[in-house]
Amino acid sequence: MVTTVAESETAPTGVDQSEIDRVLEGRTLIIASNRGPVTFSFEDDGTFSARKGSGGLVTAVSAIARDRRPIWIAAAMTEGDRARTELAQRTGEGLISPPGGGSEFRLRFVVPTANAYRGYYNEISNPLLWFLQHYLWDTPRSPDITAETWRAWHEGYVAVNRLFAEEIVAACEHCTEPPVIMLQDYHLYLCGGFVRETMPDAVLQHFVHIPWPDPDYWRLLPLAMRQAICEGMLGNDVVGFQTPAHARSFMYTCESYVPGASIDYAGRSVVWNGHRTEVRAYPISIDTAAVRRAAYSKEARAHDRYLPNHWNEFTVLRVDRAEPSKNIVRGFLAFDRFLEAHEEFQGRVNFVTIMVPSRMDVEEYKTYLDDVSATVGRINARYANVETGWQPIHMIMGENYPRALAAMKWYDVLLVNSIIDGMNLVAKEGALLNERNGVLILSEGAGAAIQLGDDALMIAPADIEGTAEAIYQALIMPLHERRRRAERLRRIVENDDVGMWFREQLGDIVRYAIRPDAENRERGLDAVAADPAPVPATRPN
Ligand code: GDG
């Protein structure tokens, strides 16, 4: 059964665009994320060139925030970023503009030492927090929190979050009004609290792109770490999650691990240390116009010429970063089972897999990719037909966003079977772009299930037999049924552009963090205590 979102949990903020514009005018907007909107390279002739940063987060946020000319704070990822920062410091340039005079954003890089960055990114953020938040641990064996983890925590994660906070504060030096600061994702959980210590008036918001697990699972991290993470988040005025369930888990986690936190589950807020934090769900989406443009661009059309070599009478597609939470191996096992159970489809259906290599410096990712390759090899060996040259699985590897979008136009079935994930934007891109009334098979663990589940074939992510059956049902579904579902999916995505995701966050920032502040600036804790909403500290059933 598909979970529906209670209306009150996603209701629009009641703040219209003109009020957002009026209230935010004159306020500096700061966005902070680990990865920035561009990365620099140092050329032989002494100049710098810049390349657009990769990843869904950067694409989504930069597309919509640029009208407000934000200052973007990001970690220096390349030698070029570091050299460009040195140049800016030497010349007193302050903010870095992208080459070519683009004015849509200005940049400041945080430049941690290699050791600090390794601890923050390669030891805490990705192997620990990402795995925890996707429920990916094989708990009898992992994680092991050792002295080395603690060193990475203090010298890496805490230290780099402090650097981000310092850089944010420095960027606000000349602000006449308290700036609006929007923090992104799991790399920066401590940052809001650190900024609040120095700038009590700052307007702070944090959006978490990945799931937020239940308190029991968080217990696998030492109390001091999980408590610091929750308290850091409670430095914000508003915290946002992909789904209402993740937002509720956050409140449960605060109730469990933050002494003195008072939770209002009905009003969706946490009061701690004299400060109220609103807890909301903002399901992220795609920039529909930009995705369409990219899918029909010259670059994407170049792929239209050879991609059909991979298609068959029926084509099943998946597009993912190559990583364990996407559940790629089980998807292949389900396809194997489908071919076994429905021999009549052998030779007539191809499973095309587009995979973007990801985080190959994390051991589990490498091992997972090995598992994927071994599974593909085994299934292809089992079914390949030497006479016709047919092989069931076609694997296309490499970073190429236009190619991924071009492929989405063609599928008959799109498989998005992630185990537990934030949103899975691929489901939305496919629904928007597909031209063949393709059927979406969607995991209950994908955030997108809340919006798209009624018109997709839903599967439990570990259910190989059920996924095999869903592939069969999708391939035999009558045209009128496929068309009805595909049209509804497309309409849902068209009505839910990423612009709305951003506007709703700005609306809540205005509603909860700026308006009450302007009205009650001097009241401090009184403003919290005087709020008419009761603050029951108990969980709803
Ligand atoms: C996290 C959360 C959440 C595809 N090939 C390439 C490429 N893509 C694009 C896809 C899609 C995006 O990458 C992946 O979207 P996901 O939603 O699966 O995102 P994650 O990367 O897992 O990121 C996730 C998301 O944040 C946003 O909040 O939905 O749940 O895990 O747009 O079309 N992108 C590039 N090169 C490719 O070859 N750069």
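The structure displayed is predicted, hence computed values, not measured ones.

## Observations regarding the domain arrangement of the protein chain
Part 1: Looking at the assigned domains, one finds that the protein chain contains domain 1 (17-114 + 159-285 + 502-530) and domain 2 (288-495).
Part 2: Here the C-alpha centroids of domain 1 and domain 2 sit 33 Å apart.
Part 3: Each partner contributes to the interface: domain 1 provides twelve residues, whereas domain 2 provides eleven residues.
Part 4: In total, domain 1 and domain 2 occlude about 840 Å² of area from one another, counting both sides; carbon and sulfur atoms represent 66% of this.
Part 5: Its largest share of buried area at the contact with domain 2, domain 1 owes to P211, I284 and S285, together 40% of the area lost on that side.
Part 6: Where domain 1 packs against domain 2, one counts zero salt bridges.

## Digging into the site of the ligand
Part 1: Near the ligand, the surroundings consist of 24 residues, among which H209, K326, N400, L425 and E429 are the closest.
Part 2: Here an oxygen atom of the ligand sits 3.0 Å away from a polar atom, N or O, in the side chain of Q242.
Part 3: L425 is positioned with one of its backbone polar atoms (N or O) 2.7 Å from an oxygen atom of the ligand.
Part 4: Within the complex, 89% of the 730 Å² of free accessible area of the ligand lies under protein.
Part 5: Secondary structure elements with two or more residues in the shell around the ligand: β12 (314-321), α15 (401-408) and α16 (425-433).

## Quick look at the nonpolar core
Generally speaking, a soluble globular protein has its nonpolar side chains buried in company with each other.
Part 1: If you look at the biggest cluster of nonpolar residues, it comprises 70 residues, and the most contacted ones within it are L317, L440, L442 and W501.
Part 2: Broken down by element, the residue count for this core peaks at eight residues, all from helix α20 (residues 498-520).
Part 3: Per-domain counts for this core show at least three residues from each of domain 1 (17-114 + 159-285 + 502-530) and domain 2 (288-495).
Part 4: Not counting residues up to four positions away in its chain, the partners in contact with W501 are V61, I64, Q184, F207, H209, Y282, P283, I284 and S285.
Part 5: Listed in part, the 68 residues of the second largest apolar core include Y157, A171, A202 and M233.

## Examining the pairing of strand β15 (residues 413-416)
Part 1: Of the two faces of β15, the one holding V413 and L415 and the one holding L414 and V416 are both buried throughout.
Part 2: Sheet topology places β12 next to β15; two bridges connect them, and they run parallel. Along β15, the bridge assignment pairs V316 with V413.
Part 3: Handedness of the crossover joining β15 and strand β16 (residues 439-443) through α16 is recorded here as right-handed.

## Considerations on the environment of P200
Part 1: Note that P200 resides in the loop between α7 (191-198) and β7 (203-207).
Part 2: Sequence separation of P200 and A322 is 122 residues, and the distance between their C-alpha atoms is 41 Å.

## Quick notes on the sheet that holds strand β8 (residues 238-241)
Strand pairing within a sheet occurs via backbone hydrogen bonds; the two strands may be parallel or antiparallel.
Part 1: One open sheet accounts for nine strands, arranged β5-β4-β1-β6-β7-β8-β11-β10-β9; its pairing is mixed. With partners counted over all chains shown, the strands left at the sheet margins are β5 (106-110) and β9 (262-264), one partner each. Averaged over all pairs of adjacent strands, the angle between strand axes in this sheet comes to 20°, irrespective of strand direction.
Part 2: Summarising the sheet, strand β6 (residues 180-184) and β7 pair through five bridges and their orientation is parallel.

## Let's talk about the packing of aromatic side chains
Part 1: A complete count under the given rule lists 26 aromatic pairs for this structure.
Part 2: Consider the rings of F42 and F48, whose centres lie 4.9 Å apart with planes at 45°: the pair is tilted.
Part 3: In this structure F48 comes out as buried when scored by relative accessible area, which is 18%.
Part 4: Between F338 and F345, the aromatic rings sit 5.3 Å apart at their centres with planes inclined by 45°, giving tilted as the arrangement.
Part 5: For F338, a relative accessible area of 1% corresponds to the buried category.
Part 6: Take F345: its relative accessible area is 5%, and that puts it in the buried class.

## Concerning empty space enclosed by the protein
Part 1: Inspection of every chain in the model, using the stated rule, returns two cavities of 30 Å³ or more.
Part 2: Roughly 70 Å³ of volume is contained in the largest cavity.
Part 3: Y411, L414, A427, G430, A431, N434, N437, G438, L440, A486, L489 and R490 are the residues that line the largest cavity.
Part 4: For the lining of the largest cavity, the per-class residue count stands at seven nonpolar, four polar and one charged.

Calculation criteria
Residues numbered from 1 in each chain as written. Predicted model: local features only at pLDDT ≥ 70, side-chain atom pairs only at ≥ 80, totals over all residues. Heavy atoms only, no water. Domains from an automatic or database assignment. Contact = heavy atoms within 4.5 Å. Buried area = accessible area lost by both parts, 1.4 Å probe. Salt bridge = Lys/Arg side-chain N within 4 Å of Asp/Glu carboxyl O. Near = heavy atom within 4 Å. Polar contact = N/O pair within 3.5 Å; in protein donor to acceptor, adjacent residues only side chain to side chain. Areas by Shrake-Rupley, 256 points an atom, 1.4 Å probe, with all protein chains shown as cover. Helix = DSSP H or I, 4+ residues; strand = E, 2+ residues; numbered from the N terminus. Core = buried A, V, L, I, M, F, W, Y, C linked by side-chain atoms within 4.5 Å. Buried < 20%, exposed > 50% of the residue type's maximum accessible area, 1.4 Å probe, protein only. Pairing = 2+ DSSP bridges. Right-handed = clockwise from strand over helix to strand, strands pointing away. Axes fitted to C-alpha atoms, helices over the stretch in contact; angles between N-to-C directions. Phe/Tyr/Trp six-rings, centres within 6.5 Å; stacked < 30°, edge-to-face > 60°. 1 Å grid on protein atoms, 1.4 Å probe; cavity = no way out; pocket = protein on both sides within 12 Å on 5 of 7 lines; lining within 4 Å. Points joined across faces, edges and corners; volume = space filled by probe spheres on them. Nonpolar A, V, L, I, M, F, W, Y, C, P; charged D, E, K, R; others polar.

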